[in-house]
Amino acid sequence: MPYFVKWTMHGQDTVHGSKVAYPQPAAAMDFACGALARKPRDIWIEDEHGKRVGNEIEIIRHCTKQATIPNVRQVGRAPTPTRRGGQDAAD
């Protein structure tokens, strides 16, 4: 079943949509994560029948799960060596 991303912008009544149909809701959510950068008034996922199957809150939750947090050491990665003064050895 195809899924589509739809959104409206502030001050506009026009409904914009993805030009591509996505085969799974998760793929549509991935596209919607990028569309959030445009700061839409409303954003959602629709199925092929026009039924909303995902809303803005669900999209934001999906994006949060997919995001990597900068400056956080990955599990299993060796710590950066430090000098006695507390500075990184790379400095």
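Shown above is the structure to which this text applies.
Residues numbered from 1 in each chain as written. Predicted model: local features only at pLDDT ≥ 70, side-chain atom pairs only at ≥ 80, totals over all residues. Heavy atoms only, no water.

Enquirer: Any chance you could explain the sheet that holds strand β3 (residues 42-47) here in plain terms?
Expert: The pairing of strands in a sheet happens through backbone hydrogen bonds and is either parallel or antiparallel. Spatially, β2-β1-β3-β4 is the arrangement adopted by the 4 strands of the open sheet, whose pairing is antiparallel. Each having just a single partner strand, β2 (15-17) and β4 (52-54) make up the two edges of the open sheet. Strand after strand, the sheet turns through a mean of 45 degrees between neighbouring axes, direction not considered. Sheet analysis places strand β1 (residues 3-8) next to β2, joined by 3 bridges and oriented antiparallel. Paired with T8 across the two strands is V15, which belongs to β2. Across the sheet, helix α1 (residues 25-35) is in contact with β1, β3 and β4; its angle to β1 comes to roughly 25 degrees. On top of the sheet, helix α2 (residues 56-66) reaches β3 and β4; it is set at about 90 degrees to β3, its chief contact. (Pairing = 2+ DSSP bridges. Helix = DSSP H or I, 4+ residues; strand = E, 2+ residues; numbered from the N terminus. Axes fitted to C-alpha atoms, helices over the stretch in contact; angles between N-to-C directions. Contact = heavy atoms within 4.5 Å.)

Enquirer: Which parts of the structure should I look at to understand α1?
Expert: An α-helical turn contains 3.6 residues, so any two residues separated by three or four positions project in the same direction. Where α1 is concerned, the buried positions are A28, M29, A32 and A35. End-on, the buried residues of α1 take up no more than an arc of 105 degrees, which puts them together on one face. Against β1, β3, β4 and α2 lie the buried residues of α1. (Buried < 20%, exposed > 50% of the residue type's maximum accessible area, 1.4 Å probe, protein only. Arc of directions from axis to C-beta.)

Enquirer: Help me understand unusual backbone geometry, please; the structure alone is not making it clear to me.
Expert: With the exception of glycine, most residues fall at negative phi, and the peptide bonds are largely trans. You will see that K39, though not glycine, has its phi angle at about 55 degrees, which is positive. Locating K39 in the fold gives a position in the loop between α1 and β3.

Enquirer: What should I look at first to understand the packing of α1 against α2 in this one?
Expert: The angle between the axes and the distance between the axes are what describe a pair of packed helices. In the contact formed by α1 and α2, the axes pass within 9 Å of each other and the chain directions differ by 85 degrees. Considered as vectors, α1 and α2 are oriented roughly perpendicular to each other. On the side of α1, the interface is formed by A26, M29, D30, A32 and C33, while α2 contributes E58, I59, H62, C63 and Q66. (Parallel < 35°, antiparallel > 145°, perpendicular 65-115°, else oblique.)

Enquirer: Teacher, can you tell me more about the packing of aromatic side chains here?
Expert: Two aromatic rings, taken as a pair, are described by how far apart their centres are and by the angle between their planes. Under the counting rule described, the total for this entry stands at 2 aromatic pairs. Taking the centre distance of 6.2 Å and the plane angle of 40 degrees together, the rings of W7 and F31 count as tilted. Here F31 lies in helix α1 and W7 lies in strand β1, a separation of 24 residues in the sequence. Through pairs of rings, three or more aromatic residues link up here, namely W7, Y22 and F31. Just above the ring of W44 sits the side chain of R52; from NZ or CZ to the centre is 3.8 Å. (Phe/Tyr/Trp six-rings, centres within 6.5 Å; stacked < 30°, edge-to-face > 60°. Lys NZ or Arg CZ within 6 Å of the ring centre and 35° of its normal.)

What is shown is where atoms sit, not what they do.
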